[in-house]
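The lines below spell out each chain.
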Amino acid sequence: MPVLIHGGRTPVTATLRPFRPARVAAAAVAVGAALALSACGSGQIAQTATQVAAINGNGADQANIQLRNVHVLFPTGPEFRLEEGGRAELVFTAINTSATEADRLVSIETEDAAEVVVEGAPASGVEIAPQASVTGGVPAGQLTDPESEELSVTLEDLSDQVRPGLTVPATFVFENAGEVRVDVPVDAGPVTPRAE
């Protein structure tokens, strides 16, 4: 039914159509679907934002030093034993991110070993050149960087807390970056024994 609407000087004719709930429902569904799909990427944390590399070890950053893949290696030979009084290898990579300034790894300390023996390092410590790295040990099943200086680090006379599944607090002391504390996980090894 036409209705006469007076808008200013010229009258306008409008036609009123009957209310159709099916069209309104379809429009509401379309708007709801659009909102639901647009919400897939919303939020402050994306699904992959907090993922980390599939490695055994822990890491820490301080000043220009980054410690990566720090862990106690599961014993690979008869001379190493993860038990009280035993010995184990400590694996890590220390990276100097400075573009101009070298740093020096002076010592590694832990309360869960009587001594930390670093072979292949001078008494004054290991210098890490700018944009270079130093590797302690060889991670199981991984290749080493041929440009990285490699050390052998052994934890001697272990405490009873050095067992697979636990962490060992360790402190890496650097000349410039200072002390960097890391909770070092103990590797569970490639094969876990099962009780039948």
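If you're wondering where the values come from, they're calculated on a predicted model, not measured in any experiment.

A few points about the sheet that holds strand β11 (residues 167–174)
Consideration 1: Taking strand neighbours across the sheet as the criterion, the four strands line up as β8-β6-β11-β12 in an open arrangement whose pairing is antiparallel. Lying at the two open borders of the sheet, with one neighbouring strand each, are β8 (126–128) and β12 (178–185). Recorded for the sheet is a direction-independent mean angle of 35° between the axes of neighbouring strands.
Consideration 2: Relative to β12, β11 runs antiparallel, the two sharing eight bridges. Bridging across to β12, V168 finds its partner in V184.

As for the nonpolar core
Across soluble globular proteins, nonpolar side chains show a tendency to be buried alongside one another.
Consideration 1: Grouped together as the largest cluster of nonpolar side chains are 31 residues, with contacts concentrated most on L67, V72, L90, F92, F172 and F174.
Consideration 2: Ignoring sequence-local partners within four residues, the contact set of V72 consists of L82, A88, E89, L90, L155, V162, V184, P185, V186 and D187.

Notes on the packing of aromatic side chains
Aromatic ring pairs are defined here through the distance separating the ring centres and the angle between the ring planes.
Consideration 1: Taken as a whole, this structure holds one aromatic pair when the rule is applied.
Consideration 2: A centroid spacing of 5.1 Å and a plane angle of 70° characterise the contact between F92 and F172, whose relative ring orientation is edge-to-face. Note that F92 is positioned in strand β5 (residues 88–96) and F172 in strand β11, a separation of 80 residues in sequence. With respect to class, F92 is no different from F172; both count as buried.

As for the side chain of R104
Consideration 1: Within the fold, R104 resides in strand β6 (residues 103–110).
Consideration 2: We classify R104 as buried; its relative accessible area is 19%.
Consideration 3: Residues contacting R104, with those up to four places away along its chain left out, are S124, G125, V126, E127, V173, F174 and E175.

Some remarks on the pairing of strand β9 (residues 132–136)
Consideration 1: With four of five residues buried, β9 lies mostly within the body of the structure.
Consideration 2: Taken together, the five bridges between β5 and β9 define a ladder with antiparallel strand orientation. In the sheet register, A94 faces β9, and the bridge partner there is V134.

What to know about the environment of D187
Consideration 1: Following the sequence through the fold, D187 ends up in the segment after β12.
Consideration 2: The class of D187 is buried, set by a relative accessible area of 12%.
Consideration 3: Taking the C-alpha atoms as reference, D187 lies 8.9 Å from P75; in sequence the two are 112 residues apart.
Consideration 4: Not counting residues within four places of it along the chain, the set of residues in contact with D187 comprises N56, H71, V72, L73, F74, L82 and P164.

A word on unusual backbone geometry
Consideration 1: Its identity is not glycine, yet A63 carries a phi of approximately 50°, on the positive side.
Consideration 2: Mapped onto the fold, A63 is located in the loop between β3 (58–62) and β4 (65–72).
Consideration 3: Residue classification places A63 among the exposed positions, given a relative accessible area of 66%.
Consideration 4: Its identity is not glycine, yet Q131 carries a phi of approximately 60°, on the positive side.
Consideration 5: One can find Q131 in the loop between β8 and β9.
Consideration 6: By relative accessible area, Q131 is classed as exposed at 56%.

Here we look at the pairing of β3
Consideration 1: Here β3 pairs with β4 via four bridges, running antiparallel. Residue pairing for β4: A60 is matched across the bridge by L67.
Consideration 2: The turn linking β3 back onto β4 is made up of two residues, and A63 within it adopts a positive phi angle of 50°.

The rules behind these values
- Residues numbered from 1 in each chain as written.
- Predicted model: local features only at pLDDT ≥ 70, side-chain atom pairs only at ≥ 80, totals over all residues.
- Heavy atoms only, no water.
- Pairing = 2+ DSSP bridges.
- Helix = DSSP H or I, 4+ residues; strand = E, 2+ residues; numbered from the N terminus.
- Axes fitted to C-alpha atoms, helices over the stretch in contact; angles between N-to-C directions.
- Core = buried A, V, L, I, M, F, W, Y, C linked by side-chain atoms within 4.5 Å.
- Buried < 20%, exposed > 50% of the residue type's maximum accessible area, 1.4 Å probe, protein only.
- Contact = heavy atoms within 4.5 Å.
- Phe/Tyr/Trp six-rings, centres within 6.5 Å; stacked < 30°, edge-to-face > 60°.

No statement about biological role is implied by the geometric values presented.
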